[in-house]
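# Observations on chain architecture
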Amino acid sequence: MNRGMRRIAATAATALAVLAMAAAPAAAQKRGGTIVFAQEAPPPTLDPYFSTSVSTRNVAMNIFETLVTRDENNGLIKELAQDYSVSADGLTYTFALRRGVKFHNGKEMTSADVKASYERYKRMALPKVTLAPVDAFEAPDPYTFVIRLKQKVPVFLEEISAFVSPIAILPAEQADRDGGKIDIIGTGPFEFVEWVADSHLKLKKFDGYKPDDRYKGTDGFAGRKEVLVDMVDIRLVKEPGTRVAGLESGQLHIVEDVPTESAKRLAGRKDIVLYDLKNWWLHGAWVNHARKPTDNLKVRRAMQIALDMEAIMDISSDGAYTLQPGIQYPGNPYYVTDGKELYNVNDPKKAQALLKEAGYKGEEFVIITNSSYQSMYKAAQVVAEQLKAVGFKVRIDVFDWATAMARRKNQDGWNLWFTGQGTGPSVGPFTAMKDVVTPQLNQFVADPTLDKLFADMISGETMEARKASFGQFQARIYDQVHFLKFGDFQRKQATRANVKGYTPYRIPRFWNVSLEN
Amino acid sequence: MGEFILRRLLAAIPVLLIVTLIAASIMQLVPGDPAAVIAGQGASDAEVAQVRAQLGLDRSFVVRLGEWYVGLARGDLGHSLMLNRSVGQAILERVPVTLALSGVALLLTVLIGVPAGVLAALRPNSWVDQLVLTMALIGVSVPNFWLSLMLIVLFGVIVDWLPTGGYVPFAEDPVEWARSLVLPSISLALLQIGLLARITRATMLEVLRNDYVRTARAKGLPRRMVVAKHALKNVMIPVVTVIGISFGLLLSGSVVIETVYSIPGMGRLLATAIFSRDYPVIQGGLLVTAATLVLLNLVVDLLYAALDPRVTYDRR
């Protein structure tokens, strides 16, 4: 080869290399390594049908997948379903399944697995009522799954895509297992390795996972999921100070909950990236309509208009909050602001006058809150002071969470019961507000108008009709003071700067996330 | 001696049964429901009731407790409601962790507490004595969760020598195992060091005033020999008692330290179980803790005999 030829060859090689680099941007992402993620609470179980808790979902949603799920804005999105159709009478739902989807045990997922999973869900899942209207599940061929309903349920797809207790597809052999007794085998991008209670959980990349090429990138619980790391080490770190110290020293890569005060301190650091997870948690309290003095609407109104939500939220969230009246998050398909004129009125004088008019005679007003969730504890303290200031005689009972839950059922034991909802409002109004309609009735006294509006909300033929009913429903909640909404929490999350591709969401998603050196 | 040990072990059986009965009954009196914890915050009453039925918690307390005792007779401590494993397995996973942590903490306590107490007693009211007493006071009064966080910030973040939390099993990596125990065992030991130093000092002062010490000195024995050979052995009786109690406290779980450092030991197991009302784990965990304390007391009693020839357990 003469010198000229050699030069041409070298130039061509360089050009090829440049072209190759430009054509494959994904290849530039570093692969491999172990992401160390810190989670506050231990999951009570990893069986997704058997718990509604965030700590279960954090882990389970990286292991399991569903036919249909929710996208980044909580809208409907297909996952294991290639496609679906609904018959004209609204009674038959036919799902074409994606082909070549493998379980972590190596077996291909077919309609037999989907049918068995839906049957198990209908038999024992916590929200099994979702599938109560089902007449039959059918698997006419390996890639088709059919659901036949007894009666029309316009919101059926919204309900089966809800992820509070997701209808994860499990291998058919597990259909007879009781709650909490399944082997942790799904079709998701990560497979389960080990769970050492109170210490950590380990997941590893599932080599048989084929990303869903219908999508470009991360989209809610679905999308194109590509695993760029070898392992995920989920550490259970209860103490916030330890979580932050672990992040600062680089021993933890992603922390799901950073205290606001620590976030302020970390803000300037180059080796740490902070994220705001908006619409994380809706903060409020149930109102007892059966016990004096809140059995009187005027007293409830006085309480409602006395409150200064800004002070309550500022103190209970350490400054990370948004004030908005909706019981859905802004941006959600069902978001409305009906009833807003009764939100954050903050008029103590008017409240005092109303309390007098109601004939309030100083009956004890009992608040139940808990020490397990500091935000609820702090909010209760502020609310108590604001109510005392307008003339209520307030007593606060503080319990741990399990005791507070047990006390809630005692209708003579409280007037205001402090709570919060994280996932409910993001799934849709049916999940968020089922607690104030028959049969749950956290306020103990049924409101037939509210029940009727709830029924309309579920049976509305179109999205517009359902949303209109929900608007009236929310206005009714404000009007009758069935629930006191304080505001929405934001959550501060943080990663080390070498964690790339992380987007905050309702669960930490470990797919499409890479670790640089 | 053998008969003594056997008698003590047999006497422990009713004690342990009463401990489990009390633990189980108290947990029944405390409101709260494991089903509600499993079902999660958003679950309705109907959903919680469903979990309760599936876990068999809808049966009466007496029936469940009876079943538990029948299982216990077969050596089965039951199945955890939350941890997806048997109680026996959950405890077996935790015991080595707690043993390692308390063992290292005890070692630090004895190695520092006893010499510091002796030193202080030998020079009462000197600067050494004042220093030991001040350090002991600090050790006893500084809240150990605060101390832990300060140690984490200093050694885990600022100088970055040690891990900020977590536990690595010895079999996995002995060096990391040792590193993961340094800060927690210091945090745990500090209070015990303070207590032990003060007890040792007080006892030593008393022993040094005894006639036999004065006699030994009068015979012309060097002071070092008097202290090491005559006084120290007599100091050890109360000190061993305190060490026994300390070890018992360390073993029964250092909930705070284990939580701050995210160490999966017995303390955290029990605390989590209590908050989530995981009844089988609470009963099994308390049974094991109580049994350990009974054994430890026995060991302490046997040590008395070894240290003091006047103590004997054989019937005459």
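Since this is a predicted model, take the numbers as computed values, not measurements.

## What about helix α9 (residues 309-317) of chain A?
Residues and elements named next belong to chain A. Listing the buried residues of α9 in full gives Met309, Ile312, Met313, Ser316 and Ser317. The buried residues of α9 occupy an angular sector of 95 degrees when the element is viewed end-on, so they sit on one face. Of the surrounding secondary structure, the elements contacted by the buried residues of α9 are α7 (260-266), β14 (272-287), β15 (321-322), α11 (374-389) and β19 (483-496). The N-cap of α9, judged by a side-chain oxygen 3.1 Å from the amide nitrogen of glutamate 310 a few residues on, is aspartate 308.

## Brief notes about the nonpolar core
All names here are of chain A. By size, the foremost hydrophobic cluster in this structure holds 153 residues, and its most contacted members are Phe95, Tyr118, Leu416 and Phe473. Element by element, the count of residues in this core is highest for β14, at eight residues. When neighbours within four sequence positions are excluded, leucine 416 is seen to be in contact with Ala285, Trp286, Val287, Met303, Phe365, Val366, Ile367, Ile368, Val383, Leu387 and Leu484.

## Examining the sheet that holds strand β7 (residues 144-149) of chain A
Residue and element names in this part refer to chain A. The four strands are arranged β4-β5-β7-β6 in an open sheet whose pairing can be described as antiparallel. The sheet terminates laterally at β4 (81-86) and β6 (134-141), the two strands that pair on one side only. On average, adjacent strands in this sheet sit at an angle of 15 degrees to one another, irrespective of strand direction. As paired elements, β6 and β7 share five bridges and run antiparallel to each other. Its bridge partner being in β7, phenylalanine 137 is matched across the sheet by isoleucine 147.

## Points about the domain arrangement of chain A
All names here are of chain A. Split into domains, chain A comes out as domain 1 (34-235 + 497-515) and domain 2 (279-491). Distance between the C-alpha centres of domain 1 and domain 2: 32 Å. Taken together, the contact between domain 1 and domain 2 spans 15 residues of the former and 20 residues of the latter. Both sides together, the interface formed by domain 1 and domain 2 hides about 1400 Å², and carbon and sulfur atoms give 52% of it. If you sort the residues of domain 1 by the area they bury against domain 2, Pro154, Glu158 and Arg506 come out on top, with a joint share of 39%. Taken together, the links from domain 1 to domain 2 amount to two salt bridges. A salt bridge links arginine 466 to glutamate 158; its shortest N-O distance comes to 3.0 Å.

## Topic: the interface of chain B and chain A
Each partner contributes residues to the interface: chain B has 44 residues there, and chain A has 46 residues. A buried area of about 3700 Å², summed over both sides, lies between chain B and chain A, and 51% of it is on carbon and sulfur atoms. For the pair chain B and chain A, the interface holds two salt bridges. Arginine 94 of chain B is the partner of aspartate 198 of chain A in a salt bridge, and the nearest nitrogen-oxygen pair spans 3.5 Å. Between chain B and chain A we count twelve residue pairs in polar contact (both at pLDDT 80 or more) in total. When residues of the side of chain B that touches chain A are traced back to their parent elements, those giving at least two are α2 (34-39), α3 (45-55), α7 (144-158), α11 (255-260) and α12 (266-275) of chain B. Considering each element in turn, the side of chain B that touches chain A owes the most residues, eight residues, to α3 of chain B. Of the residues assigned to the side of chain B that touches chain A, the class counts are 21 nonpolar, 14 polar and nine charged.

## Description of the packing of helix α5 (residues 87-122) of chain B against α12 of chain B
Residue and element names in this part refer to chain B. In the contact formed by α5 and α12, the axes pass within 8 Å of each other and the chain directions differ by 135 degrees. It follows from the interaxial angle that α5 and α12 lie oblique. Where α5 abuts α12, its residues Ala90, Ile91, Arg94, Val95 and Thr98 lie against Met266, Arg268 and Leu269.

Cut-off values and rules
Residues numbered from 1 in each chain as written. Chains lettered and ligands numbered in written order. Predicted model: local features only at pLDDT ≥ 70, side-chain atom pairs only at ≥ 80, totals over all residues. Heavy atoms only, no water. Buried < 20%, exposed > 50% of the residue type's maximum accessible area, 1.4 Å probe, protein only. Helix = DSSP H or I, 4+ residues; strand = E, 2+ residues; numbered from the N terminus. Arc of directions from axis to C-beta. Contact = heavy atoms within 4.5 Å. Polar contact = N/O pair within 3.5 Å; in protein donor to acceptor, adjacent residues only side chain to side chain. Core = buried A, V, L, I, M, F, W, Y, C linked by side-chain atoms within 4.5 Å. Pairing = 2+ DSSP bridges. Axes fitted to C-alpha atoms, helices over the stretch in contact; angles between N-to-C directions. Domains from an automatic or database assignment. Buried area = accessible area lost by both parts, 1.4 Å probe. Salt bridge = Lys/Arg side-chain N within 4 Å of Asp/Glu carboxyl O. Nonpolar A, V, L, I, M, F, W, Y, C, P; charged D, E, K, R; others polar. Parallel < 35°, antiparallel > 145°, perpendicular 65-115°, else oblique.

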